[in-house]
Amino acid sequence: LVALLLAGGLVTELAGFFTLAALVTFGGAYAVLPFVASAAVDRFGWLTADDMVAGLALGESTPGPLIMVNTFVGFLAGYNVEGGLAWGLVGATIATLCTFVPSFVFILSGAPIIDRIRTTGAFAASLNGITIAVVGVIAALAVFVARHAAFADDRPDWLVIVLAVLSFVAVWRLRIGVVTTIASCAVVGLSESLIE
């Protein structure tokens, strides 16, 4: 990978970007994915906003960690930029390695001292600040998904908007289970797509 990095191109972009994402983002997948979505769609042009929303939906609806959306982004970057399944697999592999290896290095090297310093005044205050920032980043991800799902092609999709409002009321006010709510929305969405 280091030898390929010297050659430049997509491999360099993927490795550099996903390593940076792993090193500078805190708070889990919901904090990392807005950063990834913005860069992959707007800065690099590896995939479209619709592709990113589809990847987020796929990540949310399948078992496993949501951060695996990075693998999806890496695959589409390789597939779309360089072309073909082989480049897609290269992109997915690089994105996955560069997402997880920095975390493993930090965990293995820092685990012995983290318990001692996490209650230290300045460090504890920093963790509280990071927690507050993560809430804002999660809100930014919600806005990204809502904007691209409910306002595709700059026109409101009233079915999505109505389902979002009804889902919010069902889960928060009526205390209907999330699985039931998602299944109901899926049935409505599938029915609507069959009617068209």
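Notes on the structure in this doc start here. All figures in this text were calculated on a predicted structure; none of them were measured in a lab.

### Quick notes on the packing of helix α8 (residues 158-173) against helix α9 (residues 178-195)
- At their nearest, the axes of α8 and α9 sit 10 Å apart, and the two run at 160 degrees to each other. Considered as vectors, α8 and α9 are oriented roughly antiparallel to each other. Considering only the axes of α8 and α9, their crossing is right-handed. From α8, Leu159, Leu163, Ser167, Ala170 and Val171 reach across to α9, where they touch Val178, Thr181, Cys185, Val188 and Glu192.
- Residue classes in the contact of α8 with α9 are distributed as 7 nonpolar, 2 polar and 1 charged.

### Looking at the environment of Ser184
- As for its placement among the helices and strands, Ser184 is situated in helix α9.
- Between the alpha carbons of Ser184 and Asp42 there is a distance of 33 Å; along the sequence they are 142 residues apart.
- A polar contact of 2.8 Å, which involves the side chain of Ser184, links it to the backbone oxygen of Thr180.

### Observations regarding the packing of helix α2 (residues 10-24) against helix α3 (residues 29-43)
- Here α2 crosses α3 at 155 degrees, and the two axes come no closer than 10 Å. Between α2 and α3, the angle falls in the class roughly antiparallel. By crossing handedness, the relation of α2 to α3 is classed as right-handed. Residues Phe17, Phe18, Leu20 and Ala21 of α2 pack against Val32, Phe35, Val36 and Ala39 of α3.
- A class-by-class count of the residues in the contact of α2 with α3 yields 8 nonpolar, no polar and no charged.

What counts and how
Residues numbered from 1 in each chain as written. Predicted model: local features only at pLDDT ≥ 70, side-chain atom pairs only at ≥ 80, totals over all residues. Heavy atoms only, no water. Axes fitted to C-alpha atoms, helices over the stretch in contact; angles between N-to-C directions. Helix = DSSP H or I, 4+ residues; strand = E, 2+ residues; numbered from the N terminus. Parallel < 35°, antiparallel > 145°, perpendicular 65-115°, else oblique. Left-handed = near helix turned anticlockwise from the far one by under 90°. Contact = heavy atoms within 4.5 Å. Nonpolar A, V, L, I, M, F, W, Y, C, P; charged D, E, K, R; others polar. Polar contact = N/O pair within 3.5 Å; in protein donor to acceptor, adjacent residues only side chain to side chain.

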